[in-house]
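Inside the fold
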Amino acid sequence: MKSLINALAASSHAVALTGAGISTLCGIPDFRGAGGLYSSSNVDAERIFDIAWFDRDPSIYYRAAKKLVYNLHAFSPGPVHKALKVLQDVGILKGIITQNIDMLHQRAGSNDVCEIHGSPIVHSCRKCARSIDFDRILQLIDANGGIEALGEKYIPHCECGGIFKPDITFFGEALPEQAYRSAIVLASRADILLVLGTSLRVFPAAGLPDLTLKSGGKLFIVNAQPTDFDIYSESTYDDLSVFASEIEAHFRC
Ligand code: OAD
């Protein structure tokens, strides 16, 4: 980890690209890692975040998401979220691009978080496009049997009869334009891109490291499984807990 720490100490414009792997340390499963959501025997796994399936049968999403999304207060930011906040505080990290929808970077106190796969903080009706905030969705769930009923006996509906969908980017939908544009700028300007806990299998997010490389920046990847970008990385590491404790040890004031 020494070359990563030295590079960060000399960096003036580091950026992090984070994925579901950083939240496994908080107890939230990832998608493609060992024991991830997509590697389980759940036959509906690939349909959970698919817009065509959502419109056909929203219970697939709501059943899977009841613990992942609507029970988020049960999870707290983990060591990587906290380590990135430390790097922001000392002025090394200039931005965080996340594919995660758990809002844990913000809860760790980070600002400049670019959520390229959207967020459940807003839900929009599929029929009339009316938007409501996350607290209102939680109230609706509470008033209709609580989390256990979600996706089983209850699906959040708008007054117009349409179904509420979180503003998470599902497969088949475009990325949020503003967030994706900001991510492109951040990745292109980064002198170091820290790629943390992502399989880099989902595009266009997985194309961002290429922008850093083409602009002359360097990649450092920390991920338990190999990725297609490992050969372009200055160094690769496999343990996010070690990464987080090294950052804390070297940069916490
Ligand atoms: P993945 O599940 O594809 O990748 C997470 C990676 O983190 C895996 O390669 C794990 O091996 C690694 N990992 C897990 N815990 C780790 C640890 N403690 N230390 C080191 N590595 C660890 O998640 P993403 O790349 O984020 O899309 O997935 C991208 C997108 O695919 C998600 O945003 C989601 C999904 O479909 C939407 O929700 C729209």
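Residues numbered from 1 in each chain as written. Predicted model: local features only at pLDDT ≥ 70, side-chain atom pairs only at ≥ 80, totals over all residues. Heavy atoms only, no water.

**Details of helix H8 (residues 177-189)**
Along an α-helix, residues three or four apart share an orientation, since each turn contains 3.6 residues. The line we're drawing: Secondary structure follows DSSP: runs of H or I at least 4 residues long count as helices, runs of E at least 2 residues long count as strands, and numbering of each begins at the N terminus. In this analysis, the expected span of each helix is defined as 1.5 Å times one less than the number of residues it contains. Three labels apply to residues, based on accessible area from a 1.4 Å probe with only protein chains included: buried if under 20% of the type maximum, exposed if over 50%, partly exposed otherwise in between. Taking the helix axis as origin, the arc is that swept by the directions to the C-beta atoms.
Across its 13 residues, H8 extends 19 Å between first and last C-alpha, which sits within 8% of the 18 Å expected from 1.5 Å per residue. Among the residues of H8, Ala179, Ala183, Leu186 and Ala187 are the ones counted as buried. The arc enclosing the buried residues of H8, seen along the axis, measures out at 95°, which places them on a common side. With respect to the buried face of H8, the exposed residues turned more than 90 degrees away are Glu177, Gln178, Arg181 and Arg189.

**Some details on the sheet that holds strand S9 (residues 233-237)**
Hydrogen bonds between backbone atoms are what pair the strands of a sheet, whose relative direction is either parallel or antiparallel. Cut-off, in case you're wondering: The criterion for strand pairing is that DSSP finds at least two bridges linking the strands in question. Helix axes are fitted to C-alpha atoms over the stretch in contact, other axes to C-alpha atoms as well, and angles between N-to-C directions run from 0 to 180 degrees. Contacts: residue pairs with any heavy atoms within 4.5 Å of one another.
Spatially, S3-S2-S1-S7-S8-S9 is the arrangement adopted by the six strands of the open sheet, whose pairing is parallel. Where the open sheet ends on each side, the last strands, each with one partner, are strand S3 (113-115) and S9. Along the sheet, successive strands turn relative to each other by an average axial angle of 15°, direction set aside. In this structure, strand S8 (residues 218-222) lies alongside S9, joined through four bridges in parallel fashion. Each bridged residue has a counterpart across the sheet, and for Phe220 the counterpart in S9 is Ser235. Where helix H4 (residues 79-89) meets the sheet, its contacts fall on strand S1 (14-18), strand S2 (93-98) and strand S7 (192-196), and the angle it forms with S2 comes to roughly 150°.

**Observations regarding empty space enclosed by the protein**
Heads up, the rule is: Grid spacing is 1 Å over the protein atoms alone, the probe is 1.4 Å, and a cavity is where that probe fits but cannot get out, while a pocket is an open set with protein on both sides within 12 Å along at least five of seven lines and lining residues have an atom within 4 Å of a point. Grid points are joined across faces, edges and corners, and a volume is the space filled by probe spheres set on the points. In this classification, the charged set is Asp, Glu, Lys and Arg, the nonpolar set is Ala, Val, Leu, Ile, Met, Phe, Trp, Tyr, Cys and Pro, and all remaining amino acids, among them Gly, are polar.
Inspection of the entire model under this criterion finds one cavity of 30 Å³ or more. What the largest cavity holds in volume is close to 30 Å³. Together, Thr98, Asn100, Asp102, Met103, Leu104, His105, Gln106, Val113 and Glu115 line the largest cavity. Among the elements of the structure, helix H5 (104-107) and S3 are those that each provide at least two residues to the lining of the largest cavity. Ranked by the residues each element gives to the lining of the largest cavity, the list is headed by H5, at three residues. When grouped by side-chain class, the residues that make up the lining of the largest cavity number three nonpolar, four polar and two charged.

**Examining the nonpolar core**
Inclusion rule: Residues grouped as a nonpolar core are buried Ala, Val, Leu, Ile, Met, Phe, Trp, Tyr and Cys residues, joined through side-chain atoms within 4.5 Å.
In terms of nonpolar packing, the biggest core is built from 35 residues, with Phe49, Tyr61, Tyr62, Val69, Tyr70, Phe164 and Phe170 touching the most fellow members. Put simply, the parts of the chain that give this core at least two residues each are helix H2 (51-56), helix H3 (59-68), helix H6 (134-143) and strand S6 (164-168). Top element by residues in this core is H3. It accounts for five residues. Excluding residues that lie within four positions of it along the chain, Phe170 makes contacts with Ile48, Phe49, Asp50, Ile51, Phe54, Tyr61 and Lys165. Membership of the second largest hydrophobic core comes to 25 residues, among which are Leu8, Leu84, Phe220 and Phe243.

**Section: the sheet that holds strand S4 (residues 118-125)**
With respect to topology, three strands assemble into an open sheet ordered S5-S4-S6, the strand pairing being antiparallel. The sheet is open, and its two edges are formed by strand S5 (131-133) and S6, each paired on a single side. Between one strand axis and the next, the sheet turns by 40° as a mean value, whatever way the strands run. Where H3 meets the sheet, its contacts fall on S4 and S6, and the angle it forms with S6 comes to roughly 65°. Of the strands in this sheet, S4, S5 and S6 touch H6, which is tilted by about 85° from S5.

**Quick look at the environment of Ser119**
Threshold: In protein, a polar contact means a hydrogen-donor-capable atom and an acceptor-capable atom, both N or O and within 3.5 Å, with residues adjacent in sequence counting only if both atoms are side-chain atoms; elsewhere, any N or O pair within 3.5 Å suffices.
Within the element layout of this structure, Ser119 appears in strand S4. A relative accessible area of 5% places Ser119 in the buried class. Along the backbone, Ser119 and Asp228 are 109 residues apart, and their C-alpha atoms lie at a distance of 27 Å. Those residues within four positions of Ser119 in sequence are excluded, and the remaining contacts are Met103, Pro166, Asp167 and Ile168. Within polar-contact distance, the side chain of Ser119 engages the backbone nitrogen of Ile121 at 2.9 Å.

**Quick word on the layout of surface pockets**
Its boundaries defined by the atoms lining it, the largest pocket holds a volume of some 860 Å³. Looking at the largest pocket, it is lined by 45 residues, and the ones nearest its centre are Gly19, Ala20, Phe31, Arg32 and Asn100. Residues belonging to the lining of the largest pocket are distributed by class as follows: 22 nonpolar, 16 polar and seven charged. In this structure, the second largest pocket encloses a volume near 160 Å³. For the second largest pocket, the lining is made up of 13 residues, of which Lys165, Pro166, Asp167, Ile168 and Glu173 are closest to its centre. Looking at the lining of the second largest pocket, the elements with two or more residues in it are S4 and S6. Among the elements that make up the lining of the second largest pocket, the one with the highest residue count is S6 (four residues).

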